[in-house]
Every structure is written in structure tokens, then in C-alpha cells.
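Here is how the chains run, residue by residue.
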Amino acid sequence: MQIRDFGIRGVHLVYDLLDGCDLFVLVDAAARGAEPGTVTVLEVEPRLAPAGGGDSTAAPVIDAHGLTPDDIFALLASLGGRPGRSLVVACEPADTSPGMGLSDPVQAALPHAVAAVEEILHEYRTPGRNGGRDDNQAR
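Residues numbered from 1 in each chain as written. Predicted model: local features only at pLDDT ≥ 70, side-chain atom pairs only at ≥ 80, totals over all residues. Heavy atoms only, no water.

1. Some thoughts on the pattern of salt bridges
A pair can form between side chains of opposite charge whenever their charged atoms are brought close.
Piece 1. If you walk through the whole model with that rule in mind, you get 3 salt bridges.
Piece 2. Where Arg 4 meets Asp 16, a salt bridge forms, and the shortest distance between an N and an O atom there is 2.4 Å. You can see Arg 4 sitting in the segment before helix H1 (10–17) and its partner Asp 16 sitting in helix H1, a full 12 residues away along the chain.
Piece 3. Overall, Asp 16 belongs to the partly exposed group, its relative accessible area being 22%. (Salt bridge = Lys/Arg side-chain N within 4 Å of Asp/Glu carboxyl O. Helix = DSSP H or I, 4+ residues; strand = E, 2+ residues; numbered from the N terminus. Buried < 20%, exposed > 50% of the residue type's maximum accessible area, 1.4 Å probe, protein only.)

2. Comments concerning the side chain of Glu 92
Piece 1. By secondary structure assignment, the location of Glu 92 is in the loop between strand S3 (85–91) and helix H3 (104–125).
Piece 2. Of the side chains bearing the opposite charge, Arg 32 lies closest to the buried Glu 92, which forms no salt bridge; the N-O distance is 6.1 Å. (Lys, Arg positive; Asp, Glu negative; His and termini not counted.)

3. Thoughts on the pairing of S3
Piece 1. Where burial is concerned, most of S3 is hidden: 6 out of the 7 residues are buried.
Piece 2. As paired strands, strand S1 (residues 23–29) and S3 are joined by 7 bridges and run parallel to one another. When the sheet's bridge partners are listed, Leu 23 is paired in S3 with Arg 85.
Piece 3. Relative to S3, strand S2 (residues 39–44) runs antiparallel, the two sharing 6 bridges. The residue bridging Val 44 from the neighbouring strand is Ser 86, located in S3. (Pairing = 2+ DSSP bridges.)

4. Remarks on the sheet that holds S2
Piece 1. Pairing in this open sheet of 3 strands is mixed, and the strands run S1-S3-S2 from one edge to the other. Strand pairing shows two members of the sheet lacking a second neighbour, S1 and S2, which therefore form its edges. Neighbour-to-neighbour, the strand axes of the sheet open up by a mean angle of 20°, direction not taken into account.
Piece 2. This element, H3, spans S1, S2 and S3 of the sheet and lies at about 160° to S3. (Axes fitted to C-alpha atoms, helices over the stretch in contact; angles between N-to-C directions. Contact = heavy atoms within 4.5 Å.)

5. Details of helix H2 (residues 69–78)
Piece 1. Within H2, the full set of buried residues consists of Pro 69, Ile 72, Phe 73, Leu 75, Leu 76 and Ala 77.
Piece 2. Of the surrounding secondary structure, the elements contacted by the buried residues of H2 are H1, S1, S2 and S3.
Piece 3. Immediately beyond the C-terminal end of H2, within one or two residues, lies Gly 80, with a positive phi of roughly 90°.

6. Description of the packing of aromatic side chains
Piece 1. A full pass over the atoms with the stated rule returns 1 aromatic pair.
Piece 2. Both rings, one in Phe 24 and one in Phe 73, keep their centres 5.9 Å apart while their planes meet at 75°; by these two values the pair is edge-to-face. Of the two residues, Phe 24 is situated in strand S1 and Phe 73 in helix H2; the sequence distance between them amounts to 49 residues.
Piece 3. When its relative accessible area of 4% is taken as the criterion, Phe 24 is described as buried.
Piece 4. Note on Phe 73: relative accessible area 4%, which makes it buried. (Phe/Tyr/Trp six-rings, centres within 6.5 Å; stacked < 30°, edge-to-face > 60°.)

In C-alpha cells, the structure reads:
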């Protein structure tokens, strides 16, 4: 099992995921219209890259310092990668403008986000519930 902080280095995360894994849990802020500090767990079905890679001249320019979860999965698919089960533990931000630090509602939500990750990992490690996966393959 690996736990890593990629911060704004989304491209590095994508390249690490090219090696594959059985379980990928991404923790991030996600504006979904809920109350600030609301923590949700989302199951993600990464899109597959089009056969033949599509038209490379129409590919969007990617900001390597600002990859959203959707951008991470799209870039991974375009490079031929696909993680196993993918979950996003998302916290509703109070403010999406650039800056450092966490708002009070997001700071207060941290224990809930940690508990959500712990529950996911507990479920993953429970015999008979992880499909026989090796615990070392979770990221």
C-alpha cells in the first residue's frame, strides 16, 4: 500500500498510475453544490481513450499544476493507463479562488475525510471483500 501527497503534481500522479493498481483513492476538493465541508465518496469510472488515440491536433492543453480529477483520469486514459477501482473522497470547498490554507468548514471536515479513507481501506482489506487482491496493490 502506498499513501502519497502529489499536491499540484498531477502529471506525476498519472505517471505513477501507469504502473497500475487495484485500488486508487484520491482525496481532493470538489465543488458539487453541497454545503462547504461536506465529504462524499464518489466511485469513478475512468473514460477509456478512443481507439487509435484520437486526433492529437484537437487535444486540449493541460495545465500540469492544475489537474482536476477528471483531467487526471483523461490524461491517464490517453496514455493507455487504467487503475482498478477508483474512488474520490471529495470535500466541498467554501472558496475555490487560488490561495493557501483551508477554510474553517474544510478544516472541520478533515476528520470525516480521514474516516472515509479508513473505512474504504478497512473494506478493501476485509477477507472475501477485496476479490483476493494483494494489499500492496492499493494506492
